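Here is how the chains run, residue by residue.
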Amino acid sequence: MNPREIIAQAWAITLKERQLRQWGFASALLETLLNTKLLIYQTWFLISYLQGAPIGFFADVEWLSQRLSFGWVAAIVSFFLVLIFIEWIFPHFAKGAIIGLAAKSYKKEEVKGGLVLAVYNFFPLFAIHEFFFIGSISMVITLSSILLRYAPEMAPVGIGLLVLFFLFSNILRFFYIMSEEGVVIRKLGIGQAMKASFKLVISYLGHVVFLLILGFLISLRILLNAVMIFLIPGIVIGVIFLFGSFLPIAIAMLIGAVLGLIIIGFASYLFAYLEVFRQNVWTITYLELSRLKELDVIEG
């Protein structure tokens, strides 16, 4: 199957399988919520840093404790901690379901068992994802923020190293891009899956057109994600300041939060299609390349 056929088949599966889009939407929604909260918090820190009075890491808790009773503060903080934990964990569950269901659809099998695929593949997928944790933009922003808060004299060097680690991690991630498919589809161990992915990638690295198409799809998703992640907090903060000029601050914050959730919902719907489509491309690619004879095997 050539690259054009793979792209067409991946898009057809994306449109056909509702379960895939549901898992993709839930994953995209929670991931977008997590990144939005992170960026709003870091924007708050950046403003205070530029003003010469950087806030502490728990400034939000201090702000709440000055305005609400201990019980309300404890309830709000607990709610957000649980929500952040779910937002962080769920995409790892969803990835196993998306890969497994897409493989079943491609192989003309009954598309069911998403929850089982999610649960039984969670830990190895989680380990692979966290192996490249420094390759996440949100993690680089968070670690940079910590350096600026508590070790400003080390921040220039530290942030430079973080950028280098970020680039190196993403280079490694490219070679291990099909590790997750090996875990879910072939039930390989983490090490075996990463080794198999590396071998597949370097074996067919010369397929320039195919890699360019995949790179374009990945870049498109990342670009749209970055635009929306930066746009949503800006809209929310702008609405709060606008309505806060003539309404109580609590009402202005509520309006901004509701508007932000609506935008996040629409953005997540778009991200779901893009993420499922991108993942389907890699899943089909893995299935097709795995059928071919290994290039270092001469006999057998």
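The structure this text deals with has already been given above.
Here the structure is a predicted model, which means the values were calculated and not measured. (Residues numbered from 1 in each chain as written. Predicted model: local features only at pLDDT ≥ 70, side-chain atom pairs only at ≥ 80, totals over all residues. Heavy atoms only, no water.)

> Help me understand the packing of aromatic side chains in this model?
For any pair of aromatic rings, geometry is given as the distance between the ring centres together with the angle between the planes. Across all of its chains, the model carries 14 aromatic pairs by this definition. Seen from their ring centres, tryptophan 88 and phenylalanine 126 are 5.5 Å apart, and the 75 degrees between their planes marks the pair as edge-to-face. Of the two residues, tryptophan 88 is situated in helix H4 (residues 70-106) and phenylalanine 126 in helix H6 (residues 122-131); the sequence distance between them amounts to 38 residues. Judged by relative accessible area, phenylalanine 126 falls into the partly exposed class, the value being 21%. (Phe/Tyr/Trp six-rings, centres within 6.5 Å; stacked < 30°, edge-to-face > 60°. Helix = DSSP H or I, 4+ residues; strand = E, 2+ residues; numbered from the N terminus. Buried < 20%, exposed > 50% of the residue type's maximum accessible area, 1.4 Å probe, protein only.)

> Help me understand the packing of helix H7 (residues 137-150) against helix H8 (residues 155-175) in this model?
When two helices pack together, their arrangement is given by the angle between the helix axes and by the axis-to-axis distance. Interhelical geometry of H7 versus H8 gives an angle of 165 degrees and a closest axis separation of 9 Å. Between H7 and H8, the crossing angle belongs to the class labelled roughly antiparallel. Here H7 runs over H8; the crossing is right-handed. Packed against H7, whose contacting residues are Ile137, Val140, Leu143, Ser144, Leu147 and Leu148, the element H8 presents Ala155, Gly158, Ile159, Leu162 and Phe166 at the interface. (Axes fitted to C-alpha atoms, helices over the stretch in contact; angles between N-to-C directions. Parallel < 35°, antiparallel > 145°, perpendicular 65-115°, else oblique. Left-handed = near helix turned anticlockwise from the far one by under 90°. Contact = heavy atoms within 4.5 Å.)

> Explain the side chain of histidine 92 to me, please; I cannot follow it from the model alone.
In this structure, histidine 92 sits in helix H4. Among all residues touching histidine 92, those that are not within four sequence positions of it are Phe122, Leu125, Phe126, His129 and Glu130.

> How should a nonpolar patch on the surface be read in this particular structure?
Residues Val157, Leu161, Val163, Leu164, Phe165 and Leu167 make up a contiguous nonpolar surface patch of about 560 Å² in total accessible area. Relative to the elements of secondary structure, leucine 161 occurs in helix H8. Taking relative accessible area as the criterion, leucine 161 reaches 41% and is therefore assigned partly exposed. (Patch = residues over 30% accessible without salt bridge, like charges linked within 9 Å, V, L, I, M, F, W, Y side chains within 5 Å. Areas by Shrake-Rupley, 256 points an atom, 1.4 Å probe, with all protein chains shown as cover. Salt bridge = Lys/Arg side-chain N within 4 Å of Asp/Glu carboxyl O.)

> Whenever I open this one, helix H10 (residues 190-203) confuses me. Can you help?
Because each turn of an α-helix spans 3.6 residues, side chains separated by three or four positions in sequence point in the same direction. Here H10 contains 14 residues, and its C-alpha end-to-end distance of 20 Å stays within 8% of the 20 Å for a straight helix at 1.5 Å per residue. If you check which residues of H10 are buried, you get Ala193, Met194, Ser197, Leu200 and Val201. An end-on view of H10 places all buried positions within 130 degrees of arc, on one side of the element. Those residues of H10 that are exposed and angled more than 90 degrees off the buried face are Gln192 and Lys195. (Expected span 1.5 Å × (residues − 1). Arc of directions from axis to C-beta.)

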